[in-house]
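Here is what each chain is made of, one letter per residue.
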Amino acid sequence: MSRNFLHLIRCGFAPPPVESDADLLRRFIDHRDESAFATIMDRHGPMVWAVCRNTLPNRADAEDVFQATFFALSRGAKAVRHPERLAAWLHGAAVRVAGGVKRVHARRVRYERAAARTEADSPVADAAWGELLLAAHEEVAAMSPALRAAFILCDIEGWSSGRRRPGSGCG
């Protein structure tokens, strides 16, 4: 150590005491002290950010999880059972929130893949399919009433000559 530093310590100069996480959290809970919360963010923000960036490839998602983690702390600070372990609480909260975002993202990707059929998967392009259905319904509508009824029962509703519709005289 330098002589000047030792001299300052002997003369009564001491660095300001560093408040513990528990003290900062208590100040925030009891007085809604924003400077205490800012100190907590300054102290643990880099760790929370690292968790977010390491678990989520999308930067926007990581930013959302970072904010959600500290928002959860601001809303539920009283729920922190062991204030002296605030860093562990923040780490766990960030991991849980990031995991939820990853699950939602994976579910969305699965849904989008299932919903996004390529035109090669279907024999008729989706745009042309609507036109074909309209033309088919117009042709059915142009049939004679007896033929239309038989066509609808057999080909659209799935009735066959071996099955009788309850209450009808078809046979």
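That block above? That's the structure.
Because the structure is predicted, anything quoted here is derived from the model rather than measured.

Chemist: Help me out: how do you make sense of the environment of Gln-67 in this one?
Modeler: Tracing the sequence through the fold places Gln-67 in helix H4 (residues 59–76). Look at Gln-67 and you get exposed, because its relative accessible area is 56%. The spacing of Gln-67 and Ala-94 is 27 residues in sequence and 9.5 Å in space, taken between C-alpha atoms.

Chemist: What should I look at first to understand H4 in this one?
Modeler: Residues spaced three or four apart along an α-helix face the same direction, because each turn holds 3.6 residues. The first and last C-alpha atoms of H4 sit 25 Å apart over 18 residues, in line with the 26 Å expected at 1.5 Å per residue. Ala-62, Val-65, Phe-66, Thr-69, Phe-70, Leu-73 and Ser-74 are the residues of H4 that are buried. If you follow the buried residues of H4, they end up packed against helix H2 (21–31), helix H3 (34–55) and helix H5 (86–115). Capping of H4 at its N-terminal end is provided by Asn-58; its side-chain oxygen lies 2.8 Å from the backbone amide nitrogen of Ala-60.

Chemist: Please clarify how the packing of H2 against H3 should be interpreted in this entry.
Modeler: What describes two packed helices is the angle between their axes and the distance between those same axes. In the contact formed by H2 and H3, the axes pass within 8 Å of each other and the chain directions differ by 145°. Between H2 and H3 lies a crossing whose hand is left-handed. The residues of H3 that touch H2, namely those facing Asp-21, Leu-24, Leu-25, Arg-27 and Phe-28, are Ser-35, Ala-36, Phe-37, Thr-39, Ile-40, Arg-43 and His-44. Grouping the amino acids of the contact of H2 with H3 by side-chain chemistry returns 6 nonpolar, 3 polar and 3 charged.

Chemist: Just checking my understanding: could you explain H3 for this structure?
Modeler: The sharpest bend along H3 measures roughly 55° and falls at His-44, with the proline Pro-46 sitting one to four residues further on. Within H3 the residues assigned to the buried category are Ala-36, Phe-37, Ile-40, His-44, Gly-45, Val-48, Val-51 and Cys-52. Packing partners of the buried residues in H3 comprise H2, H4 and H5.

Chemist: What's the story with the side chain of Thr-69 in this structure? I'm lost.
Modeler: Along the polypeptide, Thr-69 turns up in helix H4. Residue classification places Thr-69 among the buried positions, given a relative accessible area of 0%. Ignoring anything within four residues of it in the chain, the contact list for Thr-69 reads Val-48, Trp-89, Leu-90, Ala-93 and Ala-94.

Criteria and thresholds
Residues numbered from 1 in each chain as written. Predicted model: local features only at pLDDT ≥ 70, side-chain atom pairs only at ≥ 80, totals over all residues. Heavy atoms only, no water. Helix = DSSP H or I, 4+ residues; strand = E, 2+ residues; numbered from the N terminus. Buried < 20%, exposed > 50% of the residue type's maximum accessible area, 1.4 Å probe, protein only. Expected span 1.5 Å × (residues − 1). Contact = heavy atoms within 4.5 Å. Polar contact = N/O pair within 3.5 Å; in protein donor to acceptor, adjacent residues only side chain to side chain. Axes fitted to C-alpha atoms, helices over the stretch in contact; angles between N-to-C directions. Left-handed = near helix turned anticlockwise from the far one by under 90°. Nonpolar A, V, L, I, M, F, W, Y, C, P; charged D, E, K, R; others polar. Bend = angle between axes of the 7 residues up to and from the residue.

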